[in-house]
Amino acid sequence: MALVNTKEMFAKAYAGGYAVGAFNVNNMEIIQGITEAAAEAKAPVILQVSKGARAYANHTYLVKLVEAAALVYPEIPIALHLDHGPDFETCKSCIDGGFTSVMIDASSKPFEENVEITKKVVDYAHKYGVTVEAELGSLAGVEDEVKVSAEDSSYTRPEEVEEFVTKTGCDSLAIAIGTSHGAYKFTAEQCTRNEKGILVPPPLRFDILEEVAKRLPNFPIVLHGSSSVPQEFVKMINENGGKLPDAVGIPEEQLRKAAELAVCKINIDSDIRLAMTGVVRQFLNEHPDKFDPREYLKPARQSIKDMVSHKIYDVLGCNGHA
Ligand code: G3H
Ligand code: 13P
Ligand code: ZN
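Reference entry: report on the structure contained in this document. (Residues numbered from 1 in each chain as written. Chains lettered and ligands numbered in written order. Predicted model: local features only at pLDDT ≥ 70, side-chain atom pairs only at ≥ 80, totals over all residues. Heavy atoms only, no water.)

Within the protein, the atoms that donate to the zinc ion (ligand 3) are His84 (NE2), His181 (NE2) and His224 (ND1), at distances of 2.0 to 2.1 Å. Here the donor residues of the zinc ion (ligand 3) are spaced in sequence according to H-x96-H-x42-H. Of this pair, His84 sits in strand E3 (residues 78-85) while His181 sits in the loop between strand E8 (172-175) and strand E9 (192-193), placing them 97 residues apart in sequence. You can call His84 buried: its relative accessible area is 8%. (Donors = N, O, S within 2.8 Å, 3.2 Å for Na, K, Ca; no water. Helix = DSSP H or I, 4+ residues; strand = E, 2+ residues; numbered from the N terminus. Buried < 20%, exposed > 50% of the residue type's maximum accessible area, 1.4 Å probe, protein only.)

For the rest of this paragraph, the subject is the packing of aromatic side chains. Given two aromatic rings, their pairing is described by the distance between the two centres and the angle made by the two planes. Summed over the entire model, instances satisfying the criterion amount to three aromatic pairs. Plain terms: the ring middles of Phe111 and Phe164 are 6.0 Å apart, the flat faces sit at 65° to each other, and that makes the pair edge-to-face. Here the residue Phe111 occupies a position in helix H6 (residues 111-127), and Phe164 occupies one in helix H7 (residues 161-168), the gap between them amounting to 53 residues. Among the residues examined, Phe164 registers a relative accessible area of 0% and is labelled buried. Between Tyr124 and Tyr128, the ring centres sit 5.0 Å apart and the planes meet at 50°, which makes this aromatic pair tilted. Every member of this aromatic cluster is reached through a ring pair, and the members are Phe88, Tyr124 and Tyr128. One Lys or Arg, Arg205, reaches over the ring of Tyr155 and ends 5.0 Å from the middle of that ring. (Phe/Tyr/Trp six-rings, centres within 6.5 Å; stacked < 30°, edge-to-face > 60°. Lys NZ or Arg CZ within 6 Å of the ring centre and 35° of its normal.)

All we've got here are geometric facts, nothing functional implied.
Encoded structure:
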């Protein structure tokens, strides 16, 4: 199947009470690990590319690698999405260059300016059948070298969403309900500790999600910053020369609950990085004589596949919905 936009994926996800996983891709092994897991689970999947990924791997390499995945797994719908498009020009370049979905992230701008930029992208994208994700409210954490402190982040204001969606015509909306980018989503002060000494983050603001959903019936909501930062990978990294003290993510039960509500797309990047880095560190530590990249990238790719498979079945609930 050729690459698809997110329209039908989200309509089905909304009706079915599940979410589609949106995983960030930067190289071939990441794309292979994710799509192998999605194909085995018969799950729709979104492969997303950030500005940083385009700078790292080159736009054309990423488009061709994702197109290759669609040829290898024609039985599942795959969308190629621009993550955190910073401006109209970047969105246009992706729309013109083979992407089927884009995000315009003008969430740091005042409301009216966000509306104006988003509408410009929507008007252009829709001419080519490309869907558009926009954002209202801002998340804490690090994205594309922009660091937003917890104090500067702001929850989405539900009273703004109808006007925003009506004025822009966007196809989905990312909202801020307490998720955060990166592997350090919360400071130790923001968390409590459980009996094992593991940090427990503050709960997501389901009241905001429910109010947004009430105001936007049948409209797909997106959650960014939704990695769970699995402690097994943090431990693996730390036991093999890494240093990630007190890395903490979003509890998976809360994401599962969000997926059953209006959330149709859940963004995961940090968990891919952790799954890959943990295994590479462990492999090289255990095999100091090895230097063939295929030998350590093979288990790293498998680790990504296993992690994505777990997300599909146990968090997103999108298995069997291809
Ligand atoms: O939200 C940002 C994503 O995790 C992408 O990260 O800008 O380092 O590629 P990146
Ligand atoms: P994480 O850092 O939680 O994986 O979030 C990724 C993301 O939101 C990409 O847009
Ligand atoms: Zn994001």
